[in-house]
Amino acid sequence: MSQTLAAKRYANALFQIAKEENQIDRLETEIRTVKDVFETNGRFIEFLEHPKVSMENKKQAIAEAFATASPSIQNLLMLLVERHRETIVPDLADEFILLVNEHTGIVDAKVYSVKPLSNAEQEGISKVFARKIGKQALRIENIVDSNLLGGIKIRIGNRIFDGTVQGKLDRLERSLLG
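Residues numbered from 1 in each chain as written. Predicted model: local features only at pLDDT ≥ 70, side-chain atom pairs only at ≥ 80, totals over all residues. Heavy atoms only, no water.

1. Notes on the overall build of the chain
Under the convention used in this document: Every helix listed is a DSSP run of H or I at least four residues long, and every strand listed is a run of E at least two residues long, numbered separately from the N terminus. Note that the radius of gyration is over C-alpha atoms, with the globule rule given as 2.2 Å times the number of residues to the power 0.38. Categorising residues by exposure relies on relative accessible area from a 1.4 Å probe, with only protein chains included: less than 20% of the type maximum marks a residue as buried, more than 50% marks it as exposed, and the intermediate range marks it as partly exposed.
When you go through the chain residue by residue, the secondary structure sums to eight helices and four strands. Start at the N end of the chain and walk to the C end: the helices and strands fall as α-α-α-α-α-α-β-α-β-β-β-α. Here the C-alpha radius of gyration of the chain, 20 Å, is well above what a compact globule of 178 residues would show, namely 16 Å. With respect to the principal axes defined by its C-alpha atoms, the chain has extents near 65 × 35 × 35 Å. Counting across all 178 residues of the chain, residues that qualify as buried make up 35%.

2. Focus on the pattern of salt bridges
Applied cut-off: The term salt bridge refers to a pairing of a side-chain nitrogen on Lys or Arg with a carboxyl oxygen on Asp or Glu at a separation within 4 Å.
Per the counting criterion, the structure on display carries 10 salt bridges. The closest approach of N and O atoms between glutamate 28 and arginine 32, which form a salt bridge, is 3.1 Å. With glutamate 28 and arginine 32 both in helix α2 (residues 24–40) and four residues apart, the pair spans about one turn of that helix. For glutamate 28, a relative accessible area of 7% puts it in the buried group. For arginine 32, a relative accessible area of 31% corresponds to the partly exposed category. It is possible to trace a salt-bridge network through shared partners that takes in Glu28, Arg32, Asp108 and Arg139.

3. Some remarks on the nonpolar core
Side chains of a nonpolar character, in soluble globular proteins, are inclined to be buried together. Condition: Definition of nonpolar core: a set of buried residues of the types Ala, Val, Leu, Ile, Met, Phe, Trp, Tyr and Cys, connected through side-chain atoms within 4.5 Å.
Membership of the largest hydrophobic core comes to 32 residues, with the highest contact counts inside it found for Phe38, Ile62, Leu92 and Phe96. Put simply, the parts of the chain that give this core at least two residues each are α1 (3–20), α2, α3 (42–49), α4 (55–65), α5 (71–82) and α6 (89–104). It is α1 that provides the largest number of residues to this core, a total of seven residues. Judged by nonpolar contacts, the second largest core, of 13 residues, contains Ala109, Val111, Phe129 and Ile154.

4. Some thoughts on α1
Each turn of an α-helix holds 3.6 residues, which means side chains three or four residues apart point in the same direction. For clarity, the cut-off: For a helix, the expected span equals 1.5 Å multiplied by the residue count minus one. Residue contacts are counted whenever heavy atoms from the two residues lie within 4.5 Å of one another.
Taking 1.5 Å of rise per residue, 18 residues should cover 26 Å, and α1 covers 26 Å from first to last C-alpha, within 8% of that figure. For α1, the complete set of buried residues consists of Ala6, Ala7, Tyr10, Ala11, Leu14, Phe15 and Ala18. Looking at the buried residues of α1, the elements they touch are α2, α5 and α6. The first or second residue beyond α1 is asparagine 22, which carries a positive phi of 55°.

Shown next, in the form of C-alpha cells:
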C-alpha cells in the first residue's frame with residue numbers, strides 16, 4: 001500500500017472518530033501540532049525508525065511527547081509506530097486537515113503582503129475570496145514578503161490570485177507585447 005493511500009485511510013478513520021466524539025476542532029489542533037513535531041524534529045523520527053530501539057521505548061517516547069494529546073491521537077500514533085508507519089504522519093495530518101476543511105467549508109490560504117495584515121484586512125480578504133471559490137471562509141496564513149512592491153498575492157490550493165504591483169506590470173507587459 002502506498003504511503004499516500006495509507007495516510008488517507010488513517011486520516012479518514014481519525015476523521016470518523018472525531019465526528020463521532022464531536023472533537024473535530026480539538027483533533028485538528030492536535031494533529032497540526034503533531035505534524036509540526038514530526039516535520040521539525042528529525043532526531044525524533046530517527047529515534048522512532050531506528051531498528052535497535054525497542055517497541056516499548058518508542059511507545060514511551062510517544063506517550064511522553066504527546067502526553068497532553070487526546071486518547072484518539074495517542075492511540076493513532078501508537079498504532080502507527082507498531083506498524084512501522086511513523087513516516088506517514090505529516091501526510092496523514094494534511095489529509096485529515098483537508099477532510100476537516102471540507103466538512104467545515106473552510107480552506108487554507110497563504111496571503112503574501114509587504115506588511116503584516118490587520119485582523120480586519122484578513123477578514124475582508126477571507127469574505128471576498130471565500131465567496132469566489134465557494135467556501136465559507138479562509139484560514140489565512142499571512143506571509144510578509146518585503147520583495148513585493150505593493151498589493152497582495154493569495155494562494156489557495158493550486159490557485160493564485162495575484163494583485164501585486166509586479167503582477168499587474170507583468171500582465172500589462174504581456175498584453176502590450178502579445
